[in-house]
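Residue strings, one per chain:
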Amino acid sequence: MPDDFRDIASEGGCSTPDTFEAAARKAGKGDVLDRYKADYPVGPHDKPQSMCPAFGSLRVGLRMKRVATILSGSACCVYGLTFVSHFYGARRSVGYVPFDSETLVTGKLFEDIRDAVHDIADPSRLDAIVVTNLCVPTASGVPLRLLPDQIDGVRVIGIDVPGFGIPTHAEAKDVLAGAMLSYARKEIAAGPVPAPKAGKSDRPTVTLLGEMFPADPLGIAGMLAPLGLAAGPVVPCREWREFYSALDCGAVAAIHPFYTAAVREFQAAGRPVLGSAPVGVDGTAAWLASVGDAFGISAAQVAEAQNQFLPAIQGALSGSRIDGTVTVSGYEGSELLVARLLIESGADVPYVGTACPKTPWSAPDLEWLEARGVTVRFRASLEDDLSVVEGLRPDLAIGTTPVVQKAKELGIPSLYFTNLISARPLMGVAGAGSLQQVVNAAMGNKDRMAKMKGFFEGVGDGDTAGVWEGAPNLRPDFRAAHQKKLDKKARADAAAQMI
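Note that the structure is a prediction, hence the values are computed from the model and not measured.

Asker: For this particular structure, what's the right way to read the pairing of strand S12 (residues 375-378)?
Answerer: Put simply, side chains in a regular strand alternate between the two faces of the sheet. Because side chains alternate across S12, one face comprises the buried residues Val376 and Phe378, and the other comprises Thr375 and Arg377, none of which is buried. In this sheet, S12 lies alongside strand S11 (residues 351-354) in parallel orientation, the contact comprising four bridges. Bridging across to S12, Thr354 finds its partner in Phe378. Where the polypeptide runs from S11 across helix H15 (residues 363-370) and back to S12, its parallel neighbour, the crossover connection is right-handed.

Pasting the structure below:
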């Protein structure tokens, strides 16, 4: 164990991301961290604010059939991840291998993980076991690569998902999806693999990359049918055999463009990857054309498919227009697609912020938005999103929880992106009219928001929030003394890094 990680362990596991990273590199995890830095670059901001990234990979594993999940990390981290996974509907237990300073120092933690994997590796119940190192085990160099590849036919997949290496939980989904695709690709290369339970399509397929509303794959399948194609599995998949079908495709549609590790596996399998998605009139026309190019389909057949769907999409977009200014921000990876749909519905969208990175597969959406004067900020920070809402005062703010909270404080109608926007279809005809009703209804609440703001006027904010019988007891001297302590610690940390 690196000396600086001994310091972390003695302090109860709390330290800075830089200290964690330095310890992880000394412990032999440098290649993993370098790959993450290449796959998930953080600029222009140091790090966007997001929940623990491991929630993303945990959620992927928990949604799969016949897959068990084991976490190795601090008890507080595992508790929080388990809580939020069940809050979002997980229907199975999360395995946990606890540790203390002694098991970290002696290497007993790895032995405990190995024993736990052997204990639950039951081929009658499981196809795979996912073992996830959180921050402290990653920084200590717990070598999950030394776990057996399989036990009695049950696949064992070990991944490191540290908060100091993966910027967002959305990208942690890619970490596990990429690891599973890599395993499945090696199985295919080694010999015959089981056919999917649903059978093999008699038409060439397009694999869909990125989680989406359940109706969207059906809508995409309908648009592919006139081209003589079928929609393949959605990656991340719901069961193991789907990975074989996903790799056995004619092309991959990067609906969510940040799945870098998954794209690498598809490219290694020789599959072309298409950007953007069939969203709105322009997006659907361009996407169908790119699919036609990938499969060598004639321009006449592509035009026939476009003529079949574009008028219906245009009609849905014209049915109920959005008249107002809307700002969009989030961390799902579909923010640019939502902005396109809003603009074609009549909305003025001056700003789109996404916590995800810019990739080659987001280029079509970026170019379309910038051509219409939209400012797009990749790796947007919370401060970026809040400053836009405060400065522009839009008619509606779509964003994360703190953005929605800030907008409400300002009396601006707002919608939570994850629960209220992602929970609707976006593709094709169904997606064309899906946002208009909820957006117009929210914008219609402006007067009510103003009344609420007026009702609560004068109750204070921040540390003076609430109803007081007298004036709040502010004590700026305490605040100044505490700030001096923080400044002193910051100077000491800076000096230590120089040494």
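Asker: Just to check I follow, could you spell out the pattern of salt bridges for this structure?
Answerer: When the charged atoms of two side chains lie near each other, side chains of opposite charge can form a pair. For the structure shown, the criterion picks out 22 salt bridges. Arg185 serves as the salt-bridge partner of Glu265, at 2.9 Å between the closest nitrogen and oxygen. Of the two residues, Glu265 sits in helix H11 (residues 260-268) while Arg185 sits in helix H8 (residues 169-190), which places them 80 residues apart along the sequence. Residue class for Glu265 comes out buried when judged on its relative accessible area of 10%. For Arg185, a relative accessible area of 27% translates into the label partly exposed. With its nearest N and O atoms 2.7 Å apart, the salt bridge here joins Asp477 to Arg475. For Asp477, a relative accessible area of 40% translates into the label partly exposed.

Asker: Can you help me understand a nonpolar patch on the surface in this one?
Answerer: Taken together, the side chains of Tyr79, Phe83, Phe87 and Tyr88 present a nonpolar region at the surface, about 510 Å² in accessible area. Tracing the chain through its elements places Tyr88 in the loop between helix H4 (75-87) and strand S2 (95-96). Taking relative accessible area as the criterion, Tyr88 reaches 33% and is therefore assigned partly exposed.

Asker: It is not clear to me how the side chain of Glu171 should be interpreted in this structure. Could you clarify?
Answerer: Mapped onto the fold, Glu171 is located in helix H8. Relative accessible area serves as the criterion here: at 0%, Glu171 is assigned to the buried category. Aside from chain neighbours lying at most four places away, what touches Glu171 is Tyr40, Ile166, Phe258, Pro357 and Arg379.

Asker: What am I meant to see in the sheet that holds strand S3 (residues 128-133) here?
Answerer: Two pairing modes exist for strands in a sheet, parallel and antiparallel, and in both the strands are linked by backbone hydrogen bonds. Strand order across the open sheet formed by five strands is S2-S1-S3-S5-S4, with mixed pairing between neighbours. Each end of this open sheet is capped by a strand with a single partner; those strands are S2 and strand S4 (150-151). Together, strand S1 (67-72), S3, S4 and strand S5 (154-160) form the strand contacts of helix H6 (residues 108-120), whose direction differs from that of S1 by roughly 165°.

Asker: Quick question: what am I supposed to make of the sheet that holds S11 here?
Answerer: With parallel pairing, five strands are arranged side by side in an open sheet as S12-S11-S10-S13-S14. Every interior strand has two partners, whereas the edge strands, S12 and strand S14 (414-416), have only one. With direction set aside, neighbouring strand axes in the sheet form an average angle of 10°. Relative to strand S13 (residues 396-399), strand S10 (residues 326-330) runs parallel, the two being bridged by three bridges. Bridged to Val328 within S13 is Ile398.

Asker: Is there a simple way to think about the packing of aromatic side chains in this case?
Answerer: Aromatic ring pairs: the centre-centre distance and the angle between the two ring planes describe each pair. Tallying each qualifying case throughout the model produces nine aromatic pairs. Between Tyr36 and Tyr40, the ring centres sit 6.1 Å apart and the planes meet at 40°, which makes this aromatic pair tilted. Taking relative accessible area as the criterion, Tyr36 reaches 3% and is therefore assigned buried. With a relative accessible area of 1%, Tyr40 lands in the buried category. Taken together through their ring pairs, the aromatic side chains of Phe55, Tyr79, Phe83, Phe87 and Tyr88 make up a single cluster. Between the NZ or CZ atom of Arg372 and the centre of the ring of Trp368, over which it lies, the distance is 3.9 Å. The cationic tip of Arg475 hangs over the ring face of Phe478; the distance from NZ or CZ to the ring centre is 4.0 Å.

Definitions and cut-offs
- Residues numbered from 1 in each chain as written.
- Predicted model: local features only at pLDDT ≥ 70, side-chain atom pairs only at ≥ 80, totals over all residues.
- Heavy atoms only, no water.
- Buried < 20%, exposed > 50% of the residue type's maximum accessible area, 1.4 Å probe, protein only.
- Helix = DSSP H or I, 4+ residues; strand = E, 2+ residues; numbered from the N terminus.
- Pairing = 2+ DSSP bridges.
- Right-handed = clockwise from strand over helix to strand, strands pointing away.
- Salt bridge = Lys/Arg side-chain N within 4 Å of Asp/Glu carboxyl O.
- Patch = residues over 30% accessible without salt bridge, like charges linked within 9 Å, V, L, I, M, F, W, Y side chains within 5 Å.
- Areas by Shrake-Rupley, 256 points an atom, 1.4 Å probe, with all protein chains shown as cover.
- Contact = heavy atoms within 4.5 Å.
- Axes fitted to C-alpha atoms, helices over the stretch in contact; angles between N-to-C directions.
- Phe/Tyr/Trp six-rings, centres within 6.5 Å; stacked < 30°, edge-to-face > 60°.
- Lys NZ or Arg CZ within 6 Å of the ring centre and 35° of its normal.

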